[in-house]
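A structural walkthrough
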Amino acid sequence: MTTSYYLIIFVLLILIELIYFKIARIYQILDIPNHRSSHQKPVIRGGGIIFPIAILFYFFINDFQFPYFVLGLISIASISFIDDIKTVGKRIRMLTHLVAVLLIFQEINSWITLTWWIPAIVFICIGIINTFNFMDGINGITVSYGLTIVISLIWVNIFHDNFIPLDLLLITAISLLVLSIFNFRNQALCFAGDVGSVSLAFILIFFLFVLCLKTQNLGYLFFFIVYGIDTSMTIARRLYLKENIFEPHRQHLFQLLKNELGINALYISIAYSTVQLAVNTIIIWSMKQDLFHEYLIIGCLTILLISVYWGIRLFITRQRV
């Protein structure tokens, strides 16, 4: 695609987003503030619908490439959008997530190659999808974190391993930029919603899946490590305190930074993305090392990030006293 094509897609996505805003206001697809919210006024929910729409643009422009992936994306985006409007049962959501992830296996025809690993991979993928959903709690965090990962993948695709059409990565980046216009601000005009966070997670999982399979290197999964640590450590702490992990809460580190220390949400979003970008840079560099040193570097990074995570939580706890 030429630059003019990207510009046209950018403008079209902005127009579609604005049209969606009108529809959302008419049908009251709004995020109403409650005791867990970080906003005080109703905000349009579901602005992340622009992600699957952008992928559909790519799909139709490029002779229907990756049909199973697109089918999985449409199914998972549809159930998530319905959930934005009216609560959907956990079983239906989980079944849809399962089917969507299995469609990725069909897309890359990896049933035989990954036979024994399929249950573990499905578990990890569904975990990542839910992690993105959990972490979409403050202005700008989804778009900035998503852009960080996509930019890292574009770098890998151009300079290291050409694992997927560059146009697909660039269109995804454009959709993130479009949403950031309306979401990356102190008073957000819209939230990504479940349709946004879940769809984005599914898209990124597909990219990482293809990359890991082509390079035979699982180190790229650490492109999700910052989100992963916040979510897994929060769950571990709640289990330790014998809390119901399925109940809504405000215990993620980004929520504590916002609500307990009063740090601006956009600064927190930038911090998460900056840390992840630094990690991604180190991971990409470590791929030039032998396997032992690569995983040693990744292991040290993980220990460092977990230590920093608990150090900040301890600091916040002492501030409360």
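Placed above this text is the structure.
Because the structure is a prediction, the values reported are computed rather than measured.

Rules used throughout
- Residues numbered from 1 in each chain as written.
- Predicted model: local features only at pLDDT ≥ 70, side-chain atom pairs only at ≥ 80, totals over all residues.
- Heavy atoms only, no water.
- Phe/Tyr/Trp six-rings, centres within 6.5 Å; stacked < 30°, edge-to-face > 60°.
- Helix = DSSP H or I, 4+ residues; strand = E, 2+ residues; numbered from the N terminus.
- Buried < 20%, exposed > 50% of the residue type's maximum accessible area, 1.4 Å probe, protein only.
- Core = buried A, V, L, I, M, F, W, Y, C linked by side-chain atoms within 4.5 Å.
- Contact = heavy atoms within 4.5 Å.
- Expected span 1.5 Å × (residues − 1).
- Polar contact = N/O pair within 3.5 Å; in protein donor to acceptor, adjacent residues only side chain to side chain.
- 1 Å grid on protein atoms, 1.4 Å probe; cavity = no way out; pocket = protein on both sides within 12 Å on 5 of 7 lines; lining within 4 Å.
- Points joined across faces, edges and corners; volume = space filled by probe spheres on them.
- Nonpolar A, V, L, I, M, F, W, Y, C, P; charged D, E, K, R; others polar.
- Patch = residues over 30% accessible without salt bridge, like charges linked within 9 Å, V, L, I, M, F, W, Y side chains within 5 Å.
- Areas by Shrake-Rupley, 256 points an atom, 1.4 Å probe, with all protein chains shown as cover.
- Salt bridge = Lys/Arg side-chain N within 4 Å of Asp/Glu carboxyl O.
- Pairing = 2+ DSSP bridges.
- Axes fitted to C-alpha atoms, helices over the stretch in contact; angles between N-to-C directions.
- Parallel < 35°, antiparallel > 145°, perpendicular 65-115°, else oblique.
- Left-handed = near helix turned anticlockwise from the far one by under 90°.

Remarks on the packing of aromatic side chains
- Under the defined criterion, the tally for this structure stands at 18 aromatic pairs.
- A centroid spacing of 5.0 Å and a plane angle of 85° characterise the contact between Phe21 and Phe182, whose relative ring orientation is edge-to-face. Of this pair, Phe21 sits in helix α1 (residues 3-26) while Phe182 is found in helix α7 (residues 166-183), placing the two residues 161 residues apart along the sequence. The exposure classification of Phe21 matches that of Phe182, with both residues buried.
- An angle of 90° between the planes, with centres 5.8 Å apart, marks the rings of Phe60 and Phe64 as edge-to-face.
- Through a chain of ring-to-ring contacts, the aromatic side chains of Phe66, Phe69, Phe202, Phe206 and Phe207 assemble into a single cluster.

Some words on the nonpolar core
- With 100 residues, the main nonpolar core has Phe69, Phe132, Leu153, Phe163, Phe206, Phe207 and Tyr272 as its most contacted residues.
- Ranked by residues supplied to this core, first place goes to helix α8 (residues 193-215) with 15 residues.
- Leaving out residues up to four positions away in the same chain, Phe163 has contacts with Leu153, Val156, Asn157, Leu169, Phe207, Val210, Leu211 and Lys214.

Observations regarding helix α11 (residues 265-286)
- Helix length check: α11 (22 residues) gives 32 Å between terminal C-alpha atoms against 32 Å at 1.5 Å per residue, within 8%.
- Among all positions in α11, only Ala265, Leu266, Ile268, Ser269, Tyr272, Ser273, Gln276, Val279, Asn280, Ile283, Ile284 and Ser286 are buried.
- Near the N-terminus of α11, the side chain that reaches the backbone nitrogen of Leu266, with its oxygen 2.7 Å away, is that of Asn264.

Examining empty space enclosed by the protein
- Under the criterion given, the structure shown has one cavity of 30 Å³ or more.
- Considered as a void within the structure, the largest cavity measures approximately 50 Å³ in volume.
- Lining of the largest cavity is provided by Ser80, Asp83, Arg93, His97, Asn130, Asn133, Asp194 and Val198.
- Residues of the lining of the largest cavity, tallied by class, amount to one nonpolar, four polar and three charged.

Points about a nonpolar patch on the surface
- A surface patch of nonpolar side chains, about 510 Å² in accessible area, is lined by Leu7, Ile8, Val11, Leu12, Leu15 and Leu18.
- With respect to the helices, strands and loops of the structure, Leu18 is situated in helix α1.
- For Leu18, a relative accessible area of 39% translates into the label partly exposed.

A few points about the sheet that holds strand β2 (residues 43-45)
- Strand order across the open sheet formed by three strands is β1-β2-β3, with mixed pairing between neighbours. The sheet terminates laterally at β1 (30-31) and β3 (190-191), the two strands that pair on one side only.

Concerning the pattern of salt bridges
- Within this structure, the stated rule accounts for three salt bridges.
- Measuring nitrogen to oxygen at the nearest pair gives 3.6 Å for the salt bridge that ties Asp31 to Arg45. Of this pair, Asp31 sits in strand β1 while Arg45 sits in strand β2, placing them 14 residues apart in sequence.

Description of the packing of α1 against helix α2 (residues 50-61)
- The N-to-C vectors of α1 and α2 enclose an angle of 140°; their axes lie 11 Å apart at closest approach. Judged on the interaxial angle alone, α2 and α1 are oblique. Every pair of crossing elements has a handedness; the one defined by α1 and α2 is right-handed. From α1, Ile9, Leu12, Leu13, Ile16 and Glu17 reach across to α2, where they touch Ile50, Ile53, Ala54, Phe57 and Ile61.

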